[in-house]
Every structure is written in C-alpha cells, then in structure tokens.
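Structure at a glance
Given next are the chains, with one letter for each unit.
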Amino acid sequence: MSDVFIDPSPANFAAFKALPRDEPMHMLNLLLYRDLAEYPEGHEHHAKGWSGRRAYEEYGKTSGPIFRRVGGSIVWRGAFQTMVTGPEERAWHDGFVAQYPSSAAFFEMIKDPDYQLAVVNRTAALVDSRLIRFQPGSSGEGF
C-alpha cells in the first residue's frame, strides 16, 4: 500500500460515487507540493522549471472557471503550521475546504474536457495529497 496519494483508488472512488449525489458536500484538500513540478514530456509546461506550488497555482487558474461554473466555492483556506495530533513526520503545505452544491456538480466538473486538461497541473504539482468528503454540518460555538 502506498503512503502517498495523488488520485483516488478505485475502491475509494467507488465509495464516493455510491454516496448521495443530490446533497451539498465539503471536500477537505490537503496538499504537499513537489519541489519541482513533474510535467509529462511534451507538455507545454514541461521545461519551465516550475515549482510544485507554481504548477498548483496554474491548476487553480485553469480549473477555477469550471469549479465556479458548477457552483463550487472555497469556504476555508489555510497554510500548515504543525501537526498537533497525528504522525510527526507528516506535514502539508496548504489545506482548503471546497464546497459543492452536490457531488453531481463535482462529477460535472471532473468530466469537463477543459478540466481534464487542467488537472495535469495538479498531478504535476503534488507529491502527496488527501481529498476527504464531508457532509456539511452546522457551525457555532460547540464541538
């Protein structure tokens, strides 16, 4: 079993697809960037020497219009500081929570041909990531 993840496993993606598609969802994204982005040979950004962070910025720029078109928004974003509970050797560069009106909207986004071109930037950018679906709950003062 791998300790790094960029794309979902078939089993995890099947479990995601089996959940209700008509309710809002939040996706927690944890990102660990490569020092140097790894684009496939022949890609327009292959020889630019971009950092992983720069490649992820390109992913945001190129996928953002599709994300917004399907009703997505960022509800929280932060930069990693330290692991409080969890493995001490695990660190993330950035994290954010994306909100979607439904998983159907998420599927619409990832099936979009322009998104499929844009996601190459995400793959080139990351050495490890987590994408975790949550059902939105109420916020307030209590746990």
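Check the entry above for the structure.
This report concerns the structure included in the present document.

Orientation of helix 2 (residues 52–69) relative to helix 4 (residues 113–125), taken along the N-to-C sense of each, is 160 degrees, at an axis distance of 7 Å. With respect to helix 4, the element helix 2 is oriented roughly antiparallel. Crossing angle aside, the handedness with which helix 2 passes helix 4 is left-handed. In contact with Gly52, Ala55, Tyr56, Glu58, Tyr59, Thr62, Ser63 and Ile66 of helix 2, helix 4 contributes Asp114, Tyr115, Ala118, Val119, Asn121, Arg122 and Ala125. For the contact of helix 2 with helix 4, a count of residues per class yields 8 nonpolar, 4 polar and 3 charged.

At a minimum axis separation of 5 Å, helix 3 (residues 103–111) and helix 4 run at an interaxial angle of 75 degrees. When the axis of helix 3 is compared with that of helix 4, the two are roughly perpendicular. Where helix 3 abuts helix 4, its residues Met109, Ile110 and Lys111 lie against Pro113, Tyr115 and Gln116. Class assignment for the residues of the contact of helix 3 with helix 4 results in 4 nonpolar, 1 polar and 1 charged.

On to the nonpolar core. Core analysis: the biggest nonpolar cluster contains 26 residues, and Tyr56, Tyr100, Phe106, Met109 and Leu126 have the highest contact counts within it. Here the element with the most residues in this core is helix 2; it accounts for 5 residues. Apart from the residues within four sequence positions on either side, tyrosine 100 is in contact with Pro24, Met25, Met27, Phe67, Gly72, Phe106 and Met109.

With that settled, consider the packing of aromatic side chains. By the definition in use, this model includes 11 aromatic pairs. Considering the side-chain rings of phenylalanine 106 and phenylalanine 107, the 6.1 Å spacing of their centres and the 75 degrees angle between planes classify their relative orientation as edge-to-face. An aromatic cluster of at least three residues, connected via ring pairs, comprises Phe13, Phe16, Phe67, Tyr100, Phe106 and Phe107. The ring centre of tryptophan 50 lies 4.0 Å from the NZ or CZ of arginine 54, which sits over that ring. The side chain of arginine 90 reaches across the aromatic face of tryptophan 92, ending 4.6 Å from its centre.

Parameters at a glance
Residues numbered from 1 in each chain as written. Predicted model: local features only at pLDDT ≥ 70, side-chain atom pairs only at ≥ 80, totals over all residues. Heavy atoms only, no water. Axes fitted to C-alpha atoms, helices over the stretch in contact; angles between N-to-C directions. Helix = DSSP H or I, 4+ residues; strand = E, 2+ residues; numbered from the N terminus. Parallel < 35°, antiparallel > 145°, perpendicular 65-115°, else oblique. Left-handed = near helix turned anticlockwise from the far one by under 90°. Contact = heavy atoms within 4.5 Å. Nonpolar A, V, L, I, M, F, W, Y, C, P; charged D, E, K, R; others polar. Core = buried A, V, L, I, M, F, W, Y, C linked by side-chain atoms within 4.5 Å. Buried < 20%, exposed > 50% of the residue type's maximum accessible area, 1.4 Å probe, protein only. Phe/Tyr/Trp six-rings, centres within 6.5 Å; stacked < 30°, edge-to-face > 60°. Lys NZ or Arg CZ within 6 Å of the ring centre and 35° of its normal.

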